[in-house]
Amino acid sequence: MTIQNTRREILKGGLAVAGLSVLGIPDWAMPVLAQGETLVEFTDLPPNINLNPTVDRRIIDIRNINGVFTPKDQFFTTQHYGHPEIDPAAYRLRIAGLVDRPLSLSLTELKAMRSTDIVFGFECSGNRRPLQGLTSNGRWTGVPLKTVLDRAGIKAEAREFVFFGADHGEEEVDFRGTITKVDQQFGRSLPRDRALSSEPLLAYALNGEPLTKHQGFPLRLIMPGWYGVANVKFLSEIHVQEDQYLGKFQARWYRTLRGEMVNGEMKWKEAAISHLQLKSFIARVTRAGDAHNVFGVILHDGTPIRSIEVKIDNGPWQAATLDPSTKEKYSWKLFNYTWKGATPGEHTLVSRVTDVTGRVQPTSEELANKKTFLEDNSQHPRTVKIA
Ligand SMILES: Nc1nc2c(c(=O)[nH]1)N[C@H]1C(S)=C(S)[C@@H](COP(=O)(O)O)O[C@H]1N2
Ligand SMILES: [Mo]
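Draft legend 1. Highlighting the pattern of salt bridges. Summed over the entire model, instances satisfying the criterion amount to 19 salt bridges. Residue Glu 123 pairs with Lys 279 through a salt bridge whose shortest N-O separation is 2.9 Å. One end of the pair, Glu 123, is in strand β6 (residues 116-123); the other, Lys 279, is in strand β16 (residues 279-288), and 156 residues separate them in sequence. By relative accessible area, which is 0% here, Lys 279 ends up buried. In this structure, Arg 359 engages Asp 355 in a salt bridge whose closest nitrogen and oxygen atoms are separated by 2.9 Å. Here Asp 355 falls in the buried class, since its relative accessible area comes to 1%. Linked by salt bridges that have partners in common, Glu 41, Asp 61 and Arg 63 make up one network.

Draft legend 2. Highlighting empty space enclosed by the protein. Across all of its chains, the model carries three cavities of 30 Å³ or more by this definition. The calculated volume of the largest cavity comes to roughly 270 Å³. Looking at the largest cavity, it is lined by 19 residues, and the ones nearest its centre are Thr 78, Gln 79, Gly 228, Val 229 and Lys 233. Here the lining of the largest cavity is composed, by residue class, of nine nonpolar, seven polar and three charged. Its volume calculated, the second largest cavity comes out at about 60 Å³. Taken together, Phe 42, Leu 45, Ile 49, Leu 51, Ile 60, Asp 61, Ile 62, Arg 63, Pro 130, Leu 131 and Arg 382 make up the full set of residues lining the second largest cavity. Looking at side-chain class alone, the lining of the second largest cavity contains eight nonpolar, no polar and three charged residues.

Draft legend 3. Summary view of the site of ligand 1. Surveying the vicinity of ligand 1 reveals 20 residues, the closest of which are Phe 76, Thr 77, Asp 167, Arg 220 and Lys 233. Between ligand 1 and Asp 167 there is a distance of 2.7 Å, counted from a nitrogen atom to a side-chain nitrogen or oxygen. Its free accessible area being 530 Å², ligand 1 has 100% of it covered by the protein chains. The site holding ligand 1 turns out to be the largest cavity. Only β3 (77-78) and β8 (160-175) provide two or more residues apiece to the shell around ligand 1. Looking at the shell around ligand 1 residue by residue, the class counts come to eight nonpolar, nine polar and three charged.

Cut-offs applied
- Residues numbered from 1 in each chain as written.
- Chains lettered and ligands numbered in written order.
- Predicted model: local features only at pLDDT ≥ 70, side-chain atom pairs only at ≥ 80, totals over all residues.
- Heavy atoms only, no water.
- Salt bridge = Lys/Arg side-chain N within 4 Å of Asp/Glu carboxyl O.
- Helix = DSSP H or I, 4+ residues; strand = E, 2+ residues; numbered from the N terminus.
- Buried < 20%, exposed > 50% of the residue type's maximum accessible area, 1.4 Å probe, protein only.
- 1 Å grid on protein atoms, 1.4 Å probe; cavity = no way out; pocket = protein on both sides within 12 Å on 5 of 7 lines; lining within 4 Å.
- Points joined across faces, edges and corners; volume = space filled by probe spheres on them.
- Nonpolar A, V, L, I, M, F, W, Y, C, P; charged D, E, K, R; others polar.
- Near = heavy atom within 4 Å.
- Polar contact = N/O pair within 3.5 Å; in protein donor to acceptor, adjacent residues only side chain to side chain.
- Areas by Shrake-Rupley, 256 points an atom, 1.4 Å probe, with all protein chains shown as cover.
- Sits in = over half its atoms within 2 Å of the grid points.

Structure representation (structure tokens):
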């Protein structure tokens, strides 16, 4: 039995509410806890949470985050068409369309190019309360996308860069009520300035090891600062074109409807999912002696963080401390706050992050005009009961 399954069985059995630290199961040994430290359960977490609802989905248990990098066998995962079988020896990345030299690159050729590393933590745009576990952080290694595009030679009229995965499935395309069934690949696009910037990576390794099938073996696009969906896995083709790409996962499935006041009038905008919205959440509360530690996670688009604060009940916002090991630009950021003098009974804890441009993580009331559930970066109040 894998750790994931063990956890699932435990959580399914509702034992989570009994206190995970007293179960005494070896592979559930709570290594995140120091000696003498105990986990304080969130009372707002439903007892029957299921962290592996399907074979294609793995949700991390945020209470167990242990260090900067998520181990490859614990990295969250989700995909729409399962995992395509890819023979690494036969694999080719094709670059076609508005290029001077169409390319077909083997893994060996890609790995022979100058590589670079980037630490990048992201979440699925559907990640939200109460679990918040569709998120992870990793060190990605690969070839800058620009290196490969420069080698192909991008024509002046190129505007849109479409990234296709090897995974595909049958989709019903609705046009004015008429449905056509077609087989489509997973695809996402980037505009020219983004595609030709220095940051996107064609990654073949995670935390120093080859990508797992869940994380997109053998190659994935890494788009630092953007939501999960932009990071196309099992990458098989880059198509360079002039027209906008309007595939399902670009234009329909991953978009947000928001109302915004412009000159005193409500304007409703539908936009494709792109960069991460500034967000934080509390992941774990522990007790050691008389003090409690509140530990949490920040996800953001790379804009430097100005402050991370924690509020207990109706008290003032108090400064929390950023973990200095998570200072890299696109890394997720971890934080801690020491809660002194906690009184017995129920308490509500919430965190709020602010970046240097003055953006503040909104409350859910402030997000009331976001009508679709993706991009939920609202402040997430959690409850605990102090004995
Ligand atoms: N080829 C392909 N890439 C994909 C997807 C997919 O279904 N197919 N899903 C996307 C979505 S919605 C997310 S959140 C991330 C998840 O990445 P992970 O499984 O490495 O965590 O992959 C993205 N890339
Ligand atoms: Mo996603």
